[in-house]
Each structure stands twice: as structure tokens, then as C-alpha cells.
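# Examination of the molecular architecture
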Amino acid sequence: QVQLVESGGGLVQAGGSLRLSCVASGSIFSINDMGWYRQAPGKQRELVAAISSGSRTNYADSVRGRFTISRDNAKNTVYLQMNSLKPEDTAVYYCNLKIYVSLRTINDYWGQGTQVTVSS
């Protein structure tokens, strides 16, 4: 079994910053890609940022230059540093990890979601 626990969401004023964390625990052989998604009310879930096992990063155009994704493999953790937050960043943020639970078995895991609210 693998569990993901997210933290770091909250209420912040426009222009402020938040740092999200997602820690994986359990039967983990290794972790491949890690990513952050978000879903605003009435909208589809969208990719915000992703980081590969080789630390190559990818960002949505709407957050590029403001958000930074990073990973700590020793801690099985992925972070999302969010700066210059805007009201349109308001959403529930989910981490997504592709985890090898054995040498040849990789599964997709989601965090429970953390609310980020940016006030104008």
C-alpha cells in the first residue's frame, strides 16, 4: 500500500506565496514522474507542473515563471512553490506520483487534495 499526504494549502492574498508538499509512504520501490494538478469549481482538472525522475520540469503556461516544482527523492516528497499568486490560481491542488511498487510494476497515485484560495 502507498499513501500520499499533501500539506501547505490555505488562504492567501493576491501576490502572496504558498508552498505545497506531498509525501509518499508505504511500499515504494522507486518514484518516477511527479506532478501537481489543480481543479477549480466547474472546471476540469489540469496539469500545473511536472518533474521527471531526471528532474526535467514542465509547467502550464499560466504558472510558468511564478511556480516552481521540485523533488526530494530521499524523502519521497514533491514540492510546489507558488509565488505571485493570483485569484485565478484558486483551486484544489492534487499531487500525482507514478510509483514503482516493485521492479516492474508502476502505479498511479493521487493525493487527497489541498485547497488553495487566493483573495483579491
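Notes on the structure in this doc start here. (Residues numbered from 1 in each chain as written. Predicted model: local features only at pLDDT ≥ 70, side-chain atom pairs only at ≥ 80, totals over all residues. Heavy atoms only, no water.)

### Focus: the overall build of the protein chain
What counts here: A helix here means a DSSP run of H or I that spans at least four residues, while a strand means a run of E at least two residues long, and both kinds are numbered starting from the N terminus. In this setup the radius of gyration rests on C-alpha atoms only. A globule is expected at 2.2 Å times the number of residues raised to 0.38. For the exposure calls, accessible area comes from a 1.4 Å probe over protein chains only, and a residue counts as buried if that area is under 20% of its type's maximum, exposed if over 50%, partly exposed in between.
The secondary structure content of the protein chain amounts to zero helices and eleven strands. Along the protein chain, helices (α) and strands (β) appear in the sequence β-β-β-β-β-β-β-β-β-β-β when read from the amino end. Expected size for 120 residues packed as a compact globule is a radius of gyration near 14 Å; at 14 Å, the protein chain falls within 12% of this value. Classification of the 120 residues of the protein chain by burial places 39% in the buried group.

### Quick look at the sheet that holds strand E1 (residues 2–7)
As a general point, the strands of a sheet are linked pairwise by backbone hydrogen bonds and lie either parallel or antiparallel. The cut-off we apply is this: We call two strands paired when DSSP finds no fewer than two bridges between them. The axes are straight lines fitted to the C-alpha atoms, using for helices just the contacting stretch, and the angles between their N-to-C directions are given from 0 to 180°.
Pairing is antiparallel in the open sheet, where four strands are placed in the order E1-E3-E8-E7. Of all strands in the sheet, those with a lone pairing partner are E1 and strand E7 (67–72), marking the two edges. The sheet shows a mean angle of 15° between the axes of neighbouring strands, taken without regard to direction.

### A few points about the environment of isoleucine 28
The condition is simple: Two residues form a contact once any of their heavy atoms are found within 4.5 Å.
Following the sequence through the fold, isoleucine 28 ends up in the loop between strand E3 (18–26) and strand E4 (30–39). Classification of isoleucine 28 as partly exposed rests on a relative accessible area of 22%. Sequence separation between isoleucine 28 and asparagine 76 is 48 residues; the distance between their C-alpha atoms is 8.9 Å. Isoleucine 28 has contacts with Val2, Asn76, Ile99 and Tyr100, leaving out every residue within four places of it along the chain.

### Let's talk about the nonpolar core
Let me state the cut-off plainly: Side-chain atoms within 4.5 Å link the members of a nonpolar core, which is a set of buried Ala, Val, Leu, Ile, Met, Phe, Trp, Tyr and Cys residues.
Formed by 31 residues in total, the largest nonpolar core has its most connected members in Leu4, Trp36, Val78, Leu80, Met82, Tyr93 and Leu97. Those elements that place two or more of their residues in this core are E1, E3, E4, strand E5 (46–51), E7, strand E8 (77–82), strand E9 (91–100) and strand E11 (114–119). Here the element with the most residues in this core is E9; it accounts for five residues. Setting aside residues up to four positions removed in sequence, valine 78 forms contacts with Leu20, Ser21, Cys22, Met34, Trp36, Ile51, Ile69, Ser70, Arg71, Cys95 and Leu97.

### Quick notes on the pairing of E8
Burial of E8 is extensive: five of the six residues sit out of reach of the surface. Here six bridges tie E3 to E8, and the two strands are oriented antiparallel to one another. Paired with valine 23 across the strands is threonine 77, a residue of E8. Both E7 and E8 contribute to a ladder of six bridges, which runs antiparallel.

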